[in-house]
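# Residue-level structural notes
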Amino acid sequence: MEKEKITFNEYQKHAYNLISEEGKKDMITNGVLGLAGEAGECCDIVKKYKYQGHELDKEHLKDELGDVLWYIAETASGLGITLEEVAEYNLNKLHKRFNGEKFIKEKSINREK
């Protein structure tokens with residue numbers, strides 16, 4: 001039986017219910033600090049793979065990416081916006097930067113301010 005998929009906004013609602021009461025007092029700060037910590041853990045997994053001879057632990061990286069997503073959801077909730085708004089805004093920005101095209105190195109290096 002296939003598991004039912006959820007939207008980003010549904011995920012965000014579920015994630016909100018898991019924020020501690022203390023965290024809910026300042027979701028932006030708690031969110032970005034948590035995001036920094038979890039992103040650092042992702043970096044550490046890749047660092048160990050690239051430079052210390054470890055196997056790439058994809059399951060551990062997947063776990064940490066989930067934590068990154070959770071803190072992004074918390075930060076978005078603190079800003080009063082949805083994850084879908086963040087995703088749409090980001091794609092629109094990138095399409096505008098690259099004129100709706102695929103990634104082009106020169107446009108990335110010489111992008112408009």
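One can find the structure itself at the top, above this paragraph.
The sections below set out a description of the structure shown in this document. (Residues numbered from 1 in each chain as written. Predicted model: local features only at pLDDT ≥ 70, side-chain atom pairs only at ≥ 80, totals over all residues. Heavy atoms only, no water.)

### Digging into the environment of Asn110
With respect to the helices, strands and loops of the structure, Asn110 is situated in the segment after helix H6 (105-109). Distance from Asn110 to Leu94, taken between C-alpha atoms, is 14 Å for residues 16 residues apart in sequence. (Helix = DSSP H or I, 4+ residues; strand = E, 2+ residues; numbered from the N terminus.)

### Section: the environment of Asp57
With respect to the helices and strands, Asp57 occurs in the loop between helix H3 (27-51) and helix H4 (58-79). The class of Asp57 is partly exposed, set by a relative accessible area of 37%. (Buried < 20%, exposed > 50% of the residue type's maximum accessible area, 1.4 Å probe, protein only.)

### Focus: the packing of H3 against H4
Running from N to C, H3 and H4 point in directions that differ by 160°, and their axes come no closer than 8 Å. Relative to H4, H3 is oriented roughly antiparallel. Here H3 and H4 pass one another in a crossing that is left-handed. The residue makeup of the contact of H3 with H4, split by class, is 14 nonpolar, seven polar and five charged. (Axes fitted to C-alpha atoms, helices over the stretch in contact; angles between N-to-C directions. Parallel < 35°, antiparallel > 145°, perpendicular 65-115°, else oblique. Left-handed = near helix turned anticlockwise from the far one by under 90°. Nonpolar A, V, L, I, M, F, W, Y, C, P; charged D, E, K, R; others polar.)

### Regarding H3
Along its 25 residues, H3 runs 35 Å from first to last C-alpha, staying within 8% of the 36 Å computed at 1.5 Å per residue. Regarding H3, the residues found buried are Met27, Gly31, Gly34, Glu38, Cys42 and Ile45. In this fold, the buried residues of H3 make contact with helix H1 (8-16), helix H2 (21-24) and H4. Immediately downstream of H3, the backbone of Gly53 shows phi near 80°, a positive value. (Expected span 1.5 Å × (residues − 1). Contact = heavy atoms within 4.5 Å.)

### Topic: the pattern of salt bridges
If you walk through the whole model with that rule in mind, you get four salt bridges. Note that Lys24 and Glu21 form a salt bridge whose closest N and O atoms lie 3.8 Å from each other. Here Lys24 pairs with Glu21, and both are found in helix H2, just three residues apart, close to one helical turn. By relative accessible area, Lys24 is classed as partly exposed at 24%. Across the salt bridge formed by Lys47 and Asp44, the nearest N and O atoms sit 2.7 Å from each other. Of this pair, Lys47 and Asp44 both sit in helix H3, three residues apart, roughly one helical turn. Relative accessible area serves as the criterion here: at 34%, Lys47 is assigned to the partly exposed category. Taken together, the shared-partner salt bridges in this structure form one network comprising Asp44, Lys47 and Lys48. (Salt bridge = Lys/Arg side-chain N within 4 Å of Asp/Glu carboxyl O.)

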